Amino acid sequence: MLHRNISSGEERPFTLEAPTMALPSASPDDQPTLAAPAPRGELAARHLAMPAHTNPSGDIFGGWIMASMDAAAGMTATRLAGGRTVTVAVSNMVFMQPVKAGDAVCFYTDVLRTGHTSITLAVEVWVLRHGREERIKVTQAEFAFVAIGEDGRPRPIRPEARQ
C-alpha cells in the first residue's frame, strides 16, 4: 500500500510501526547517529489532554483519542474534498503508548489514497509530555471518508484532489 504526501507528492509504502527500545551500549560512540523520527503529513489538530479525559486507570481514554483522530482527519478530508465528508471506516488502529493528562496531543494526517468519491488518510498521534520534551508517537490508524452532496449521497471529489 502506498501513501502520497499531499504537499510534496512523494509516494512511499505505508507501514505500521511498533515502538522500539534502544539497548544500552558500552560506549556512547557505539550508537549510530539517527535523526529523531518525525510525524508524517500535516498537523491537523492539537489538544491538551485533561484529567476529565482519563479512564479509571488514570490514562487518557482511548475513545477520546479515537474521536479526536476522527475530527482531525475529517477536517483534512473535508478541505481536500471541497465539501462535506463522512467517516465510513477506521482500520489498523494501534495504541502504542499511553497518553497522560497534561500532554500536548498532536494529530497529523497524510493522504494514502484518493478515489472518485473517497479519501483514505493515515492519522498519527504524537504527544509532548506535559507540553515539552521530544515528541513520542502514541497512536496510528487509517480513516476512510466519502464525499457527500447536499442530498447525502456520494459525490465526486474535485479532480485536483485526486492527483
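Structure: see above.
Calculation notes
- Along each chain, residues carry numbers from 1 onward, in the same order as the chain's sequence is written.
- Thresholds applied to this predicted model are a pLDDT of at least 70 for local features of residues and 80 or more for the giving and counting of side-chain atom pairs; totals over whole chains, interfaces and linings are not thresholded and use all residues.
- Values reported for side chains reflect all heavy atoms of the structure, with hydrogen atoms and water molecules removed beforehand.
- Strands here are runs of E lasting at least two residues and helices are runs of H or I lasting at least four, both read from the DSSP assignment and numbered beginning at the N terminus.
- Only protein chains enter the accessibility calculation, which uses a 1.4 Å probe; a residue whose area is less than 20% of its type maximum is buried, one above 50% is exposed, and one in between is partly exposed.
- For this analysis, residues touch if any pair of their heavy atoms sits within 4.5 Å.
- Per-residue and other accessible areas follow the Shrake-Rupley method at a 1.4 Å probe size, with only the shown protein chains counted as cover for residues.
- Residues belong to a common nonpolar core when they are buried Ala, Val, Leu, Ile, Met, Phe, Trp, Tyr or Cys residues joined through side-chain atoms within 4.5 Å.
- A pair is scored as a salt bridge if a Lys or Arg side-chain nitrogen falls within 4 Å of a carboxyl oxygen belonging to Asp or Glu.
- Pairing between two strands is assigned when DSSP locates at least 2 bridges connecting them.
- A fitted line through C-alpha atoms represents every axis, and for helices the fit uses only the stretch in contact; the resulting angles, taken between N-to-C directions, go from 0 to 180 degrees.

Engineer: Just checking my understanding: could you explain the overall build of the protein for this structure?
Structural biologist: Within the protein, the secondary structure is distributed over one helix and seven strands. Relative to its 163 residues, the protein shows a buried fraction of 37%. Looking at the protein alone, contacts between residues at least 24 apart form 70% of all its contacts between residues at least 6 apart. A total of about 9,300 Å² of accessible surface is found on the protein, and carbon and sulfur atoms cover 56% of it.

Engineer: Is there a simple way to think about the nonpolar core in this case?
Structural biologist: In summary, soluble globular proteins display a tendency toward joint burial of nonpolar side chains. Residues Ile65, Met69, Val99, Val105 and Leu121 are the most contacted members of the largest nonpolar core, which totals 26 residues. Of all the elements, helix H1 (residues 62–81) adds the most residues to this core, at eight residues. With near-sequence residues (within four places) excluded, Leu121 lies in contact with Ala73, Thr76, Ala77, Leu80, Thr109, Asp110, Val111, Leu112, Ala141, Glu142, Phe143 and Phe145.

Engineer: It is not clear to me how the pattern of salt bridges should be interpreted in this structure. Could you clarify?
Structural biologist: Two side chains of opposite charge can pair, provided their charged atoms sit close to one another. Counted under the stated rule, the structure contains six salt bridges. Arg79 is the salt-bridge partner of Glu42, the closest N and O atoms lying 2.3 Å from each other. Of this pair, Glu42 sits in strand S3 (residues 42–48) while Arg79 sits in helix H1, placing them 37 residues apart in sequence. Taking the relative accessible area as the measure of exposure, Glu42 reaches 29% and is therefore partly exposed. On the basis of relative accessible area, Arg79 is assigned to the partly exposed category, the value being 44%. Each of Arg40, Glu124 and Lys137 takes part in salt bridges that share partners, so that together they form one network.

Engineer: What is the right way to look at unusual backbone geometry in this model?
Structural biologist: Note: most residues except glycine have negative phi, and most peptide bonds are trans. In this model, Asn92 sits at a positive phi of 55°, which is unusual for a non-glycine residue. Looking at where Asn92 falls in the secondary structure, it is placed in strand S4 (residues 85–95). Given the relative accessible area of 35%, Asn92 is considered partly exposed.

Engineer: Just to check I follow, could you spell out the sheet that holds strand S7 (residues 135–147) for this structure?
Structural biologist: Hydrogen bonds between backbone groups are what pair the strands of a sheet, and the pairing can be parallel or antiparallel. A sheet is described by the order of its strands in space; here five strands give the open sequence S3-S5-S6-S7-S4, paired in antiparallel fashion. Sheet topology places S3 and S4 at the edges, where each strand pairs with a single neighbour. Between one strand and the next, the sheet's axes are offset by a mean angle of 25°, whatever the strand orientation. On the sheet, H1 packs against S3, S4, strand S5 (104–114), strand S6 (118–128) and S7 and is oriented at approximately 50° with respect to S7.

Engineer: Just checking my understanding: could you explain the pairing of S6 for this structure?
Structural biologist: If a strand is regular, its side chains alternate between the two faces of the sheet. Within S6, 10 of the 11 residues are buried, which leaves it mostly tucked inside the rest of the structure. Note that S5 and S6 share 10 bridges and pair antiparallel. From the neighbouring strand, Tyr108 faces S6, where its bridge partner is Glu124. Where S5 hands over to S6, the hairpin turn is made up of three residues, counted between the paired strands. As paired strands, S6 and S7 are joined by 11 bridges and run antiparallel to one another. Bridge pairing links Val125 to Thr139 in S7. Between S6 and S7, which pair antiparallel and follow one another directly, the connecting turn spans six residues, one of which, His130, has a positive phi of 50°.

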